[in-house]
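# Secondary and tertiary structure notes
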Amino acid sequence: MSGDDDQQLRVSKIQNGTVIDHITGGQALNVLAILGIDGTSGESVSVAMNMPSDRLGKKDIVKVEGRELSQNEVDVLSLIAPAASINIVRDYDVVEKHRVERPSVVVGVLECPNHNCITTEDEPVQSRFAVVDDGVRCEYCDTIIRDELPAHILAD
Ligand code: CTP
Ligand code: ZN
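Source: prediction; values computed, not measured.

### Let's talk about the coordination of the zinc ion (ligand 2)
Tetrahedral coordination by four donors puts the ideal angle at the metal at 109.5 degrees, and octahedral coordination by six puts it at 90 or 180 degrees. Donor atoms from the polypeptide that coordinate the zinc ion (ligand 2) comprise Cys112 (SG), Cys117 (SG), Cys138 (SG) and Cys141 (SG), at 2.3 Å from the metal. Around the zinc ion (ligand 2), the four donor atoms are arranged such that angles at the metal cover 99 to 116 degrees; this shape is classified as tetrahedral. In terms of primary sequence, the donors binding the zinc ion (ligand 2) are separated according to C-x4-C-x20-C-x2-C. With Cys112 in the loop between β6 (105-107) and β7 (128-132) and Cys141 in the loop between β8 (135-138) and β9 (144-145), this residue pair connects regions lying 29 residues apart in the sequence. Overall, the relative accessible area of 3% leaves Cys112 in the buried class. In this structure Cys141 comes out as partly exposed when scored by relative accessible area, which is 25%.

### Quick look at the sheet that holds β8
The strands making up a sheet are joined through hydrogen bonds of the backbone, oriented either antiparallel or parallel. Strand order in this open sheet of four strands is β6-β7-β8-β9, and the pairing throughout is antiparallel. In this open sheet, the two strands that pair with only one neighbour each are β6 and β9. The sheet contact formed by β7 and β8 spans four bridges and is antiparallel. Paired with Val131 across the bridge in β8 is Val136. Across the sheet, helix α3 (residues 71-80) lies against β6, β7 and β8, angled at about 130 degrees from β6, the strand it touches most.

### As for the domain arrangement of the chain
Partitioning the chain into structural domains gives domain 1 (14-99) and domain 2 (105-152). Placing a centre on the C-alpha atoms of domain 1 and another on those of domain 2 gives a separation of 23 Å. Taken together, the contact pairs eight residues of domain 1 with nine residues of domain 2. Both faces combined, the contact of domain 1 with domain 2 buries some 680 Å², and carbon together with sulfur accounts for 80% of it. Three residues, Asn72, Val76 and Leu79, lead the burial of domain 1 against domain 2; their summed loss comes to 63% of the area buried on that side. Remark: the boundary between domain 1 and domain 2 carries zero salt bridges. For the pair domain 1 and domain 2, the interface holds one residue pair in polar contact (both at pLDDT 80 or more). Of all the secondary structure elements, the ones that give two or more residues to the side of domain 1 that touches domain 2 are α2 (28-34) and α3. Considering every element that reaches the side of domain 1 that touches domain 2, the biggest residue donor is α3, with six residues. Within the side of domain 1 that touches domain 2, the residues separate by chemical class into four nonpolar, two polar and two charged.

### With respect to the pairing of strand β3 (residues 57-65)
Looking at chain direction, strand β1 (residues 17-24) and β3 are connected through six bridges and run antiparallel. Its bridge partner lying in β3, Thr24 is registered against Lys59. Here seven bridges tie strand β2 (residues 45-53) to β3, and the two strands are oriented antiparallel to one another. Across the sheet, residue Pro52 finds its bridge partner in β3, namely Lys58. What sits between the antiparallel neighbours β2 and β3 is a turn of three residues.

What counts and how
Position numbers for residues count from 1 along each chain, tracking the sequence in the order it is written. Labels are handed out in written order, letters beginning with A for the chains and numbers beginning with 1 for the ligands. It should be noted that, the model being predicted, local features are given only for residues of pLDDT at least 70 and side-chain atom pairs only at 80 or more, the latter also being counted only at that level, while totals for whole chains, interfaces and linings use all residues. To get the side-chain values, take all heavy atoms of the structure and skip hydrogens and water. Coordination shells were defined by N, O and S atoms within 2.8 Å of each metal, extended to 3.2 Å for Na, K and Ca; water is absent from the atom set, which can make sites look incomplete. In these descriptions, tetrahedral denotes four donors with every angle between 85 and 135 degrees, square planar four donors and octahedral six donors with opposite donors over 155 degrees apart and the rest between 65 and 115, and irregular any other case. Helix and strand definitions follow DSSP, with helices as H or I runs of at least four residues and strands as E runs of at least two, each counted in order from the N terminus. Burial status follows relative accessibility: with a 1.4 Å probe on protein chains alone, a residue under 20% of its type maximum counts as buried, one over 50% as exposed, and anything between as partly exposed. Each pair of strands is called paired provided DSSP finds at least two bridges between the two strands. When checking whether two residues touch, look at their non-hydrogen atoms; a contact exists if any pair is within 4.5 Å. Helix axes are fitted to C-alpha atoms over the stretch in contact, other axes to C-alpha atoms as well, and angles between N-to-C directions run from 0 to 180 degrees. Note that the domain bounds were set by an automatic or database domain assignment. When two parts are brought into contact, each loses some accessible area as probed by a 1.4 Å sphere; the total of that loss over both is the buried area. Only one rule defines a salt bridge in this text: a Lys or Arg side-chain nitrogen within 4 Å of an Asp or Glu carboxyl oxygen. In the analysis that follows, any N or O atom pair within 3.5 Å is treated as a polar contact, provided that within protein one partner can donate a hydrogen and the other can accept it, and provided that, for residues neighboring in sequence, both atoms belong to side chains. Gly is put with the polar residues, along with every residue not named as nonpolar or charged; the nonpolar set is Ala, Val, Leu, Ile, Met, Phe, Trp, Tyr, Cys and Pro, and the charged set is Asp, Glu, Lys and Arg.

So this is what it looks like as structure tokens:
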């Protein structure tokens, strides 16, 4: 195969599922973490990183076969990939496309770093963070996560 063909290869289309496009370059693995995808549950997943993009310079793309995303997942995703678009694919066609929006709260996807917080005890209390200018703030104990949001993603 010639070099030209190599350069034109792209990740193939999916039949049914979700394409998350226009992800901030370098964030694809964090997007997978938000979705709880580590490869062990058998879903077909394609990842392209640092693809050239007119709008973003470089972008990542994640394609998940057979899966649609919850609003909570999309909300957290928007914090690390504010320009992302979510494309729902059915029978090879994009049947829905929308940009992510910055939410005012994110529920259930992040873990509070405060080990004494009620959301980290053995209580059936879902984490809730308010989205603030410099990060997200736990609504129970006011702990703020500023950087390293991906390090606080709850494992499924
Ligand atoms: N896609 C896919 N499988 C399909 C259909 C689309 O993987 N069966 C992918 C495309 O490769 C693209 C994204 O889903 O990365 C959105 O598809 P489409 O809306 O057709 O592309 P564009 O018009 O280029 O999208 P946009 O305008 O959002 O950049
Ligand atoms: Zn807390």
